[in-house]
Amino acid sequence: MNSCGIIFYGGMESPIGRLTIFASAKGICALQFGDQDQALMNVKTKLAKFSSKLDFVCDERKVEEAMIQLKEYFSGIRKTFDLPLDLHGTPFQLKVWEELSGIAYGKTVSYKDVAAAIGMPKAVRAVGGANNRNPVPIIIPCHRVIGTNGSLVGYGGGLQKKEYLLHLEKSPYRRLTS
């Protein structure tokens, strides 16, 4: 990301609540759950690490394709996303996110599986940390990563959202007990 630039954003309602999508000129750079004002503060804080000056402009037209694809996903039509991304993270995080992008719709893998797939079988906790920092959940399907025993563990949007997404995809996992 340059030392200055514009980040466009827009929001939409979904079956798991409000989503706010952020995009630079290069592509989608963040997706946040919940209140749009809180999402804006979160993304400003995160992106400030990578750029000295960013202007944020609410313009849903700039994130319209992402909103269309997310609606298709939630309606069961779309299985993969075809969006340009503009991701910012450490080389390790980028490697993990790339691996997560390859997890097929309807499938789940463990954090241990991801660590082994990137050639760092002992980095299970670090993989969990990178998974947690995924800037574009759903689009990069970090919800498809579960515990080795098949249980739901950790999700930035909350385990109820993770369970909803896995149920939508008919993915194997252990249901939450509440």
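Quantities reported herein were computed from a predicted structural model and do not represent experimental measurements.

Rules of the game
- Residues numbered from 1 in each chain as written.
- Predicted model: local features only at pLDDT ≥ 70, side-chain atom pairs only at ≥ 80, totals over all residues.
- Heavy atoms only, no water.
- UniProt positions renumbered as here; feature names shortened; annotations may be inferred.
- Helix = DSSP H or I, 4+ residues; strand = E, 2+ residues; numbered from the N terminus.
- Phe/Tyr/Trp six-rings, centres within 6.5 Å; stacked < 30°, edge-to-face > 60°.
- Buried < 20%, exposed > 50% of the residue type's maximum accessible area, 1.4 Å probe, protein only.
- Lys NZ or Arg CZ within 6 Å of the ring centre and 35° of its normal.

> Could you give an account of the UniProt feature "domain: Methylguanine DNA methyltransferase ribonuclease-like" (unreviewed entry) in the protein chain, naming the residues involved and the relevant values?
Using the residue numbers shown here, the UniProt feature "domain: Methylguanine DNA methyltransferase ribonuclease-like" (unreviewed entry) corresponds to residues 7–87. Across residues 7–87, helical content stands at 30% and strand content at 33%; the span's end C-alpha atoms are separated by 13 Å.

> Pulling in residues and values, what's your account of the packing of aromatic side chains?
Applying the stated criterion across every chain, the model contains 6 aromatic pairs. Centroid distance tyrosine 73 to phenylalanine 74: 5.3 Å. Interplanar angle 70°. Geometry classified as edge-to-face. A residue is classified by how much of its surface remains accessible, and phenylalanine 74, at 10% relative accessible area, is buried. Measuring from centroid to centroid gives 6.3 Å for tyrosine 73 and tyrosine 105, while their planes differ by 80°, and the two rings are edge-to-face. Placement of tyrosine 73 in helix 2 (residues 64–74) and of tyrosine 105 in the loop between helix 3 (91–101) and strand 5 (109–110) is noted, with a sequence separation of 32 residues between them. With respect to burial, tyrosine 73 and tyrosine 105 carry one shared label: buried. Each residue in the set Tyr73, Phe74, Phe81 and Tyr105 is aromatic and connected to the rest through ring pairs, giving one cluster. The positively charged end of lysine 62 is found above the aromatic ring belonging to phenylalanine 8, 5.1 Å away from the centroid.

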